[in-house]
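Structural features, examined
The chain contents come next:
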Amino acid sequence: MTRTTMIPGVVDGTITPSVDAEGNVSLHIVVRGAGNRADGSDYIEIVLTGSDARGLLSVPMRGETVPVPCSVGVRLQAGPSFASALQETP
């Protein structure tokens, strides 16, 4: 995986995809959570319409980027947060 300059750091987490009855795709991301959603983890949900999800899966040619519309939900836990974890140096 190639890191971009837009992301200041990388943390471990899990991603769980789901599709609802209307074909909308939700990506549930648990940051710093291993396996079961552990206490102290931060949560991010990205919701795409079915057509936007298909657009996301249409990989552009190398070097090209294509923005895909989405809705984003974030729930940060008390204590060390996702933002502070990104600022830590390995």
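A brief look at the structure comes next.

What counts and how
Residues numbered from 1 in each chain as written. Predicted model: local features only at pLDDT ≥ 70, side-chain atom pairs only at ≥ 80, totals over all residues. Heavy atoms only, no water. Helix = DSSP H or I, 4+ residues; strand = E, 2+ residues; numbered from the N terminus. Buried < 20%, exposed > 50% of the residue type's maximum accessible area, 1.4 Å probe, protein only. Contact = heavy atoms within 4.5 Å.

Points about the environment of Pro67
Assignment of secondary structure puts Pro67 in the loop between helix 1 (50–57) and strand 4 (71–75). Separated by 11 residues in sequence, Pro67 and Leu56 place their C-alpha atoms 8.4 Å apart.

Digging into the environment of Leu48
With respect to the element layout, Leu48 can be found in strand 3 (residues 42–48). The exposure class of Leu48 is buried, given its relative accessible area of 4%. Taking the C-alpha atoms as reference points, Leu48 and Ser71, 23 residues apart in sequence, are found 6.7 Å from one another. When near neighbours in sequence (up to four residues on either side) are disregarded, Leu48 contacts Asn24, Val25, Leu27, Ala53, Leu56, Val68, Pro69 and Cys70.

Geometry only, nothing functional implied.
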